[in-house]
Amino acid sequence: QVELVESGGGLVQAGGSLRLSCTASGSLYSTTISGWYRQAPGEQRELVATISRAGNPNYADSVKGRFVITRDNDRSMVHLQMNNLKPEDSAVYYCYATDNYSSTSYWGQGAQVTVAT
């Protein structure tokens, strides 16, 4: 079993920055933290950023140039640095991990990010 815990959410003014972290624990032999999704009230969950095991990132168009995803394999962590935040970035952010053999997905409990105008 794999457990993911997000941290670093909060309230910030527009133009500010936050750093989210996702820490994985449990049976991680074949599981990799893959990235972040977010979900705003009344909206569908959308992909924000992904990162490969080798550290290659991909971003949604809406966050390119503002968000940076990084991986710390030694500590089984993935971080999401969010800069120049906008009110439309307000959402619950979820990290997820994927079992490389079974393709099972694991999700964290979510971290609330609120960007005030």
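Residues numbered from 1 in each chain as written. Predicted model: local features only at pLDDT ≥ 70, side-chain atom pairs only at ≥ 80, totals over all residues. Heavy atoms only, no water.

A few words on the packing of aromatic side chains. Tallied over the full model, the rule gives 3 aromatic pairs. Here the aromatic rings of tyrosine 37 and tyrosine 96 are separated by 5.2 Å at their centres, their planes lie at 70°, and the arrangement is edge-to-face. Of the two residues, tyrosine 37 is situated in strand 4 (residues 31-39) and tyrosine 96 in strand 9 (residues 91-99); the sequence distance between them amounts to 59 residues. Judged by its relative accessible area of 11%, tyrosine 96 is buried. Ring-pair connections join several aromatic residues into one group, and the members of that group are Tyr37, Tyr96 and Trp107. Sitting over the ring of tryptophan 107, arginine 45 keeps its end group 4.7 Å from the ring centre. (Phe/Tyr/Trp six-rings, centres within 6.5 Å; stacked < 30°, edge-to-face > 60°. Helix = DSSP H or I, 4+ residues; strand = E, 2+ residues; numbered from the N terminus. Buried < 20%, exposed > 50% of the residue type's maximum accessible area, 1.4 Å probe, protein only. Lys NZ or Arg CZ within 6 Å of the ring centre and 35° of its normal.)

Bringing the layout of surface pockets into the picture now. The volume enclosed by the largest pocket comes to roughly 200 Å³. Broken down by element, the residue count for the lining of the largest pocket peaks at 3 residues, all from strand 4. (1 Å grid on protein atoms, 1.4 Å probe; cavity = no way out; pocket = protein on both sides within 12 Å on 5 of 7 lines; lining within 4 Å. Points joined across faces, edges and corners; volume = space filled by probe spheres on them.)

Okay, the sheet that holds strand 7 (residues 67-72) next. Strand order in the open sheet formed by 4 strands is 1-3-8-7, and the pairing between neighbours is antiparallel. Only two strands of the sheet have a single neighbouring strand rather than two, namely strand 1 (2-7) and strand 7. Within this sheet the neighbouring strands show an average axis-to-axis angle of 15°, counted without direction. Examined bridge by bridge, strand 1 and strand 3 (residues 18-26) share 6 bridges and lie antiparallel to one another. The residue bridging glutamate 6 from the neighbouring strand is cysteine 22, located in strand 3. (Pairing = 2+ DSSP bridges. Axes fitted to C-alpha atoms, helices over the stretch in contact; angles between N-to-C directions.)

The next point concerns the pattern of salt bridges. Applying the stated criterion across every chain, the model contains 4 salt bridges. Here aspartate 89 makes a salt bridge to arginine 38, at a shortest N to O gap of 2.9 Å. Taken together, the residues aspartate 89 in the loop between strand 8 (77-82) and strand 9 and arginine 38 in strand 4 connect sequence positions 51 residues apart. Of the two residues, aspartate 89 and arginine 38, both sit in the buried class. For aspartate 89, the salt bridge is made with arginine 66, and the minimal N-O distance between the two is 2.7 Å. (Salt bridge = Lys/Arg side-chain N within 4 Å of Asp/Glu carboxyl O.)

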